[in-house]
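# Fold and contact review
Residues per chain, in single letters:
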Amino acid sequence: MHILIVEDDEVARDYLAKALREAGHTVDVANNGLDGLHMASSIAVDMAIVDRMLPKMDGLALVQSLRATGRKVPVLILSALGDVDDRITGLRAGGDDYLTKPYHMSELLARIDALARRGDSGNSETNTKLKLADLELDRMTRRVTRNGKKIELTAREFQLLEFMMRHSGQVVTRTMLLEGVWDYHFDPQTNVIDVHISRLRQAIDKDFDKPLLHTVRGAGYSLREDE
Amino acid sequence: MSPDQRFLGVLDTSPFRIAVVYSIVFACGAAALLGAVDFAVSRVVDGSTDNLIEAEVQGLREQVQVLSRSDFIELVEQRSQDQDVRGAVYLMVDPQLRPVAGNVPAWPTVDADQGKWFHFKVSVPFGDATRVHEMRAQRFPLYGGYRMLVGHDVQERQDVKSLMMRGLIAAVVLTLLLGLGGGFWMGRRILAQAGAISAVATQIMRGDLSQRLPVREADDEINSLAREINNMLDKIEQLTLGMRTVLDSAAHDLRTPLNRLQATAEGAMPTLTPGSPERRVLERVSSEVDHMRSTLDALLRIALAETGTVAREPVDLSQLVESVVELYAPVSEERGIALSSSVAPGATVQGNRQLLAQALANLLDNAIKFTPDGGHIRVQLKGSSNEPEVIVEDDGPGIPADKREIVLGRRVRLDSARNVPGSGLGLSLVAAVTKLHGANLVLDDAGPGLKVSLKF
């Protein structure tokens, strides 16, 4: 994937570029908003990571200008502000995801992956039936079966599984789950998400040979067929 | 507001009340004035008429002694025809009450007990038609059963009096109507102005500090008050925006180096073998950055809530409480804690969903941290849909009565909580969020345990 980084902080930018290159991406960097907008408009990038506070042109203004020209390239906004409303203004300006500093690289990579694959996986948002190996989820009838056997889930477990299946094969972090399933944008101090996941794992994996719900150490979880 | 309520609202305004009081005072004054005029006029006019009749009676009594009957009849006829004395009436009747002389067609029926003065009515020509006039008269016997009546037409006086009465009533009614109408109009004006002011004030209270009170051209007291308040709002907005700017730059200045630290630590980690002392140091650094970040997040959110510059929208509190309880249910179950909830549906508050959710999450987080395994936590939402109350009760150690105020301050952790992980900002955030929403936070004894009540 070709990724553009627009970030004025040198340390953060260099590490980000290095990490993304190591993850196999092609990376271009800009250290101010104006250059960033130029590059995002002229180079065919697959994604842009834009810092919110940039010299010459504000990150939000950059995204707005980009959207005004009709460019639909996915944009992840990095912010060093206090959150709550800033997140909403960021997304309203045309950002597709929003991450507050300091962040873990694993969190950023998981979100980039989710953004890049949004819509192109077989389990996209419009599909009523989601499928992974022998696990099937029907959003219309709210029925979940594995190997033809019906699995009973609570409403929340169903939502959690639906989210995981739509991101199957990807790493899903705890904050992504909290945002995607509960619409909460804060960090609960206890391991609430882990317990919810272990409930779900009990329900879908316990009676079957091949586990589908995997823990990714230091990052989050992944619903996938192999391993 | 419905039209009915608006109408009743006008009746409650001070201009309307003042107008009512003034109208009544003016009406009473007008009535008293006209009454006094009427009284004085009656005395003068009535007195002169009565004197006139008395003198005439006296004269005729004397004449009847000296004149022959035919001469007296002639005198009466003369007087009756006399055009100089307008309105004077005379009648002389025989013992059978048949008129003998005078300008009254018939002897009026008079009750014997009516005394010296009496009134009667006579039809008199009035242009082509006739009109009934009221007469005031005295009667006295002549000789041999003949009787005499001397009086005066008082119709004019009655007309003037009734005209004055009608004028008086019209004046009073008009005063009252004008007073009430004027009062109503002024009341509506005031109400419209006050309504506009309170609508803006509500928006300002909701955090939209850019709003200003409407000010009109006029230099009346309401407008100058509104101008003063607007100046005050300018100042408050400046201060709040200043605070917000300080907060944003503080956030930026703290998050940026923390981000570099995290990046540096994470970037160096892959080059080191897992388990090596160097790697363990970096892992420690990374986890300390996480810890600092969560403390910073909490502090910034508290400060943000305190500036009041947070977007607000209607939040379904019932749904939110249920969702937060549901988020914590599995964790409490793992600890063998019975988490029960009773949530009244449909409670809505104007607020920030994220901050409210975090405040509720902090309360449950605290409850779970401090409740012993196998204990109980009870979450309730009760009260009316627009003034709901959220109560979280646990049967943990509780907070001693004298420490309850202190724990709501920044970073207070009681000695008994030293061994429990946490930033110590949980309740401070709850307090700030509660205040932001104009709610009331009360810590109480759940006997045993802590009872936290959030009353909106």
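Here's a quick rundown of the structure.

About the cut-offs
Residues numbered from 1 in each chain as written. Chains lettered and ligands numbered in written order. Predicted model: local features only at pLDDT ≥ 70, side-chain atom pairs only at ≥ 80, totals over all residues. Pairing = 2+ DSSP bridges. Helix = DSSP H or I, 4+ residues; strand = E, 2+ residues; numbered from the N terminus. Axes fitted to C-alpha atoms, helices over the stretch in contact; angles between N-to-C directions. Contact = placed C-beta atoms within 7 Å. Nonpolar A, V, L, I, M, F, W, Y, C, P; charged D, E, K, R; others polar. Right-handed = clockwise from strand over helix to strand, strands pointing away. Expected span 1.5 Å × (residues − 1). Buried ≥ 20, exposed ≤ 12 C-beta atoms within 10 Å, placed from the backbone. Core = buried A, V, L, I, M, F, W, Y, C linked by C-beta atoms within 7 Å.

### Focus on the sheet that holds strand E4 (residues 75–79) of chain A
All names here are of chain A. Read from one edge to the other, the open sheet built from 5 strands follows the order E2-E1-E3-E4-E5, with strand pairing classed as parallel. Every other strand in the sheet has two partners, leaving strand E2 (26–30) and strand E5 (97–100) as the edge strands with one partner each. Looking at each pair of strands side by side, their axes are set apart by 20 degrees on average, direction ignored. As defined by bridge partners, E4 adjoins E5 across 4 bridges and the pair is classed as parallel.

### As for the interface of chain A and chain B
Contact residues are listed per partner, giving 29 residues for chain A and 39 residues for chain B. Residues belonging to the side of chain A that touches chain B are distributed by class as follows: 16 nonpolar, 6 polar and 7 charged.

### Description of the pairing of strand E8 (residues 143–146) of chain A
Successive side chains on a regular strand alternate, one facing one side of the sheet and the next facing the other. Residues and elements named next belong to chain A. Relative to E8, strand E7 (residues 135–138) runs antiparallel, the two being bridged by 4 bridges. The partner of Leu-137 across the bridge, within E8, is Val-144. Hairpin remark: E7 followed by E8, antiparallel, with 4 residues in the connecting loop; positive phi at Arg-142, about 55 degrees. Note: E8 against strand E9 (residues 149–151), 3 bridges, orientation antiparallel. Paired with Arg-146 across the strands is Lys-149, a residue of E9. Hairpin connection from E8 to E9: 2 residues lie between these consecutive antiparallel strands, with Asn-147 at a positive phi of about 55 degrees.

### Comments concerning the pairing of E2(A)
All names here are of chain A. Here strand E1 (residues 2–6) pairs with E2 via 5 bridges, running parallel. Along E2, the bridge assignment pairs Val-6 with Ala-30. Taken together, E1, helix H1 (residues 10–22) and E2 constitute a β-α-β crossover, and its handedness is right-handed.

### Some points on helix H6 (residues 277–307) of chain B
All names here are of chain B. Between the first and last C-alpha of H6 there are 45 Å, a value that for 31 residues agrees with the 45 Å anticipated at 1.5 Å per step. Of the residues making up H6, those classed as buried are Val-289, Arg-293, Asp-297, Ala-298, Leu-299, Leu-300, Arg-301, Leu-304, Ala-305 and Thr-307. Summarising the contacts, the buried residues of H6 are in contact with helix H5 (221–268), helix H8 (353–370) and helix H10 (426–436).

### Section: the nonpolar core
Ranked by internal contacts, the top residues of the largest apolar core, which has 88 residues, are A:Leu161, B:Val321, B:Val324, B:Tyr328, B:Leu360, B:Leu364 and B:Val433. Excluding residues within four positions of it along the chain, B:Leu364 makes contact with B:Val324, B:Tyr328 and B:Val392. Of all hydrophobic cores here, the second largest spans 33 residues; its members include A:Ala48, A:Val50, A:Leu60 and A:Val63.

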